[in-house]
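# Working through the structure, step by step
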Amino acid sequence: MARRHRNDPRPGDEDFVPFTDAERRAHADALSVAHAGHDCAEQAASLCQAGEYYAILGDHDLAEQMFRQALPIEDAEPGAPQAAYASFLLDRQRHDEAMAMITEARRLHPEDPDVFIVIGEALAEHGHAQQAARWFTAGLVTHLGHLTDLNLDDLRDDFDTELLARGRYQARQALELPQDHIDALVQELRQDNAATADAH
């Protein structure tokens, strides 16, 4: 067994990547107490990440406890704990509670693209394509301030923009909506990526 070096990432570190269930639990346990006693954005993010790992491990009660602890933290990224909890609730088939969390996230006027991505992906995964498309579109508008001037370089140069546009495209495809200029950009980017992959 390889010995861990002193400078290697440890459970709870931002760059620690767990591969086994034991590592996931150790990481979640460390995250659950990170920044304890400090109501800050970092604590809220750590609690939500711990909740996600506990959910992966099937420890749903403990996962929910983490999300609920994150919700009242005033300095949390607006809408981020609500988005993470809503995704968890949808996975647990608790539709009404999830929608209440999503409504709360909207009320907080989120600005972080991740909030829109998490909610959009959760809605799309659970068959709410129309609402997902709205969240992805709102995320693009909030992130960029415009849609009409969106071009291929915007998608190439900004991963958040690409994720929002791709999510929107997939939701609109599920709804069988006619292609618009953003959908066309996503398709063009896909073709470029495929051509680049083939070239290598």
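Residues numbered from 1 in each chain as written. Predicted model: local features only at pLDDT ≥ 70, side-chain atom pairs only at ≥ 80, totals over all residues. Heavy atoms only, no water.

To continue, consider the overall build of the protein chain. Within the protein chain one finds 10 helices and 0 strands. Viewed in the frame of its principal axes, the protein chain has a C-alpha envelope of about 50 × 45 × 30 Å. Contacts in the protein chain between residues at least 24 apart in sequence constitute 48% of all its contacts with a sequence separation of at least 6. Counting every atom, the protein chain has about 11,600 Å² of accessible surface; 47% of that belongs to carbon and sulfur. Of the charged side chains in the protein chain, 17 are positive and 38 negative, and the gap between their average positions amounts to 5 Å. (Helix = DSSP H or I, 4+ residues; strand = E, 2+ residues; numbered from the N terminus. Contact = heavy atoms within 4.5 Å. Areas by Shrake-Rupley, 256 points an atom, 1.4 Å probe, with all protein chains shown as cover. Lys, Arg positive; Asp, Glu negative; His and termini not counted. Charge placed at Lys NZ, Arg CZ, Asp CG, Glu CD.)

What helix 3 (residues 60-70) keeps buried is the set A63, E64, M66, F67 and A70. Down the axis of helix 3, the buried side of the element spans an arc of 155°, and every buried residue falls inside it. In this structure, the buried side of helix 3 is in contact with helix 1 (21-33), helix 2 (41-56) and helix 4 (80-91). (Buried < 20%, exposed > 50% of the residue type's maximum accessible area, 1.4 Å probe, protein only. Arc of directions from axis to C-beta.)

For the structure shown, the criterion picks out 4 aromatic pairs. Centre to centre, the rings of Y85 and F88 are 6.2 Å apart; their planes meet at 20°, and the pair counts as stacked. Separated by 3 residues within a single helix, Y85 and F88 lie in helix 4, roughly one turn from each other. Summarising the aromatic geometry, the rings of F116 and W135 are spaced 5.4 Å apart at their centres and angled 50° between planes, so their arrangement reads as tilted. With F116 in helix 6 (residues 113-125) and W135 in helix 7 (residues 129-144), this residue pair connects regions lying 19 residues apart in the sequence. Overall, F116 belongs to the buried group, its relative accessible area being 5%. Here a set of aromatic residues connected by ring pairs shows up, and it is made of F67, Y85 and F88. (Phe/Tyr/Trp six-rings, centres within 6.5 Å; stacked < 30°, edge-to-face > 60°.)

The full count for this structure, using the stated rule, is 13 salt bridges. Note that R107 is salt-bridged to E104, the shortest N-O span being 2.6 Å. Taken together, the residues R107 and E104, both in helix 5 (residues 95-107) and 3 residues apart, mark about one turn of the helix. It is possible to trace a salt-bridge network through shared partners that takes in E64, R68, R94 and E97. (Salt bridge = Lys/Arg side-chain N within 4 Å of Asp/Glu carboxyl O.)

Turning our eyes to something else, we now look at the confidence of the model for the protein chain. In the predicted model, the protein chain carries a mean pLDDT of 91, and 94% of its residues have values of at least 70. The low-confidence segment residues 1-6, where pLDDT is below 50, has 4 contacts with residues more than four positions distant or belonging to other chains. (pLDDT = per-residue confidence, 0-100.)

Further remarks concern the environment of L163. One can find L163 in helix 9 (residues 159-174). When its relative accessible area of 26% is taken as the criterion, L163 is described as partly exposed. Each residue touching L163, except ones within four places of it in the same chain, is listed here: I117 and F136.

This structure, assessed with the given rule, holds 0 disulfides. Counting only cysteine sulfurs, C48 is the nearest neighbor of C40, a cysteine outside any disulfide, at a range of 12 Å. (Disulfide = S-S within 2.5 Å.)

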